[in-house]
Amino acid sequence: MPRCKECNSKFVPKYFNQKFCVENDECLKAMSNYAKEQEYKRLKKDFLPRKKIMDIETNPVKYKKILQDEINKLARMIDNSFSLKCIDCGKDYGQQQDGGHFKSVGSNASLRFNLHNIHSQKSDCNQNGLGGGRERQYYQGLIDRYGVEYAEMVDLQLQQKYKYIGLKSNEIPEKTKIVRSIIKNFETYRFESPYMAREMFNKLIGIYR
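Summary of the structure given here. Note that the structure is a prediction, hence the values are computed from the model and not measured.

**Details of the packing of helix α3 (residues 60–81) against helix α7 (residues 172–184)**
Phase 1 of the analysis: Remark: α3 packs on α7, axes separated minimally by 10 Å, with the N-to-C direction vectors making an angle of 20°. Relative to α7, the element α3 is oriented roughly parallel. Crossing geometry of α3 relative to α7 is assigned as left-handed. Touching Pro-60, Tyr-63, Lys-64, Ile-66, Leu-67, Glu-70, Ile-71, Lys-73, Leu-74 and Met-77 of α3 are Ile-172, Lys-175, Thr-176, Val-179, Arg-180, Ile-182 and Ile-183, all from α7.
Phase 2 of the analysis: Partitioned by chemical class, the residues of the contact of α3 with α7 number 11 nonpolar, one polar and five charged.

**Thoughts on the packing of aromatic side chains**
Any pair of aromatic rings gets described here by the distance separating the centres and the angle formed by the planes.
Phase 1 of the analysis: Enumeration over the complete set of coordinates arrives at 11 aromatic pairs.
Phase 2 of the analysis: Taking the centre distance of 6.1 Å and the plane angle of 35° together, the rings of Phe-102 and Tyr-139 count as tilted. Here the residue Phe-102 occupies a position in the loop between β1 (97–101) and β2 (118–122), and Tyr-139 occupies one in helix α5 (residues 135–146), the gap between them amounting to 37 residues.
Phase 3 of the analysis: Centre to centre, the rings of Phe-186 and Phe-201 are 6.0 Å apart; their planes meet at 35°, and the pair counts as tilted. Within this pair, whereas Phe-186 is found in the loop between α7 and α8 (194–205), its partner Phe-201 is found in helix α8, the two being separated by 15 residues in sequence.
Phase 4 of the analysis: Accessibility expressed as a relative area gives 6% for Phe-186, which makes it buried.
Phase 5 of the analysis: Accessibility expressed as a relative area gives 0% for Phe-201, which makes it buried.
Phase 6 of the analysis: Every member of this aromatic cluster is reached through a ring pair, and the members are Phe-82, Phe-186, Tyr-189, Phe-191 and Phe-201.

Procedures and definitions
- Throughout, a residue's number is its position along its own chain's written sequence, starting from 1.
- A pLDDT threshold of at least 70 governs which residues receive local features in this predicted model, and a stricter bar of 80 or more applies before side-chain atom pairs are shown or counted, although totals over entire chains, interfaces and linings include all residues.
- Water and hydrogen atoms were dropped before computing side-chain values, which therefore reflect all heavy atoms in the structure.
- Axis definition: a line fitted to C-alpha atoms, limited for helices to the stretch in contact. Angles are taken between N-to-C directions and run from 0 to 180 degrees.
- Runs of E in the DSSP output that reach at least two residues are strands. Runs of H or I that reach at least four are helices, and both are numbered from the N terminus.
- For this classification, under 35 degrees means roughly parallel, over 145 means roughly antiparallel, 65 to 115 means roughly perpendicular, and everything else is oblique.
- In this scheme, a crossing is called left-handed if the near helix is turned counterclockwise away from the far one by less than a right angle; it is called right-handed if the turn is clockwise.
- Throughout, a contact is declared for two residues whenever any of their heavy atoms are within 4.5 Å.
- Three classes are used: nonpolar for Ala, Val, Leu, Ile, Met, Phe, Trp, Tyr, Cys and Pro, charged for Asp, Glu, Lys and Arg, and polar for all others, with Gly counted as polar.
- Ring geometry is summarised as follows: Phe, Tyr and Trp rings, the Trp one being its six-membered ring, pair when their centres sit within 6.5 Å, and such pairs are stacked at plane angles under 30 degrees, edge-to-face over 60 and tilted between the two.
- The classification of residues rests on relative accessible area computed with a 1.4 Å probe and restricted to protein chains. Under 20% of the type maximum is buried, over 50% is exposed, and intermediate values are partly exposed.

Remember that the coordinates give geometry; whether it matters functionally is a separate question.
Here you go:
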């Protein structure tokens, strides 16, 4: 019989290569920490060269921007699949279609990756005014498209629920990989509305739990 790596007591394993018993909270916690350590080691060994890991850890802003660009692209793809126009002015996008944040990255960084906070805008609508665009017009656009309850959720409830998301530097490449996979296989997903698409993809990406 194997011995628990934490308490050193013998135990009957319930699955292959089990290294901890599950008899007390300390052993459960140790098992969880061990799994996280092994996953991080696997990530370093299998996916990322050492120099890139160091770059991510010392320059997370760069990699958050890469992740942000991919999520913005996904938001645009959702809206385009329903032929939606600018959330702000209701017109065609013109030369450039942006993924516009209702709560800007500067005003609320914890919502920067949440698809409910990102809707397609004309570039000039996105660039004019404060709060990630012309906030009052954007808010009215949310009401017109999804209803008052949804607009209030985006404006108030998201901020209250996600004051802190705890996204670690070493998790950013994994999340970027997930978003890119969704984009690549976008046509294989089925959803009835842009709201349902945002709900589903938020859950798949796993930043907002």
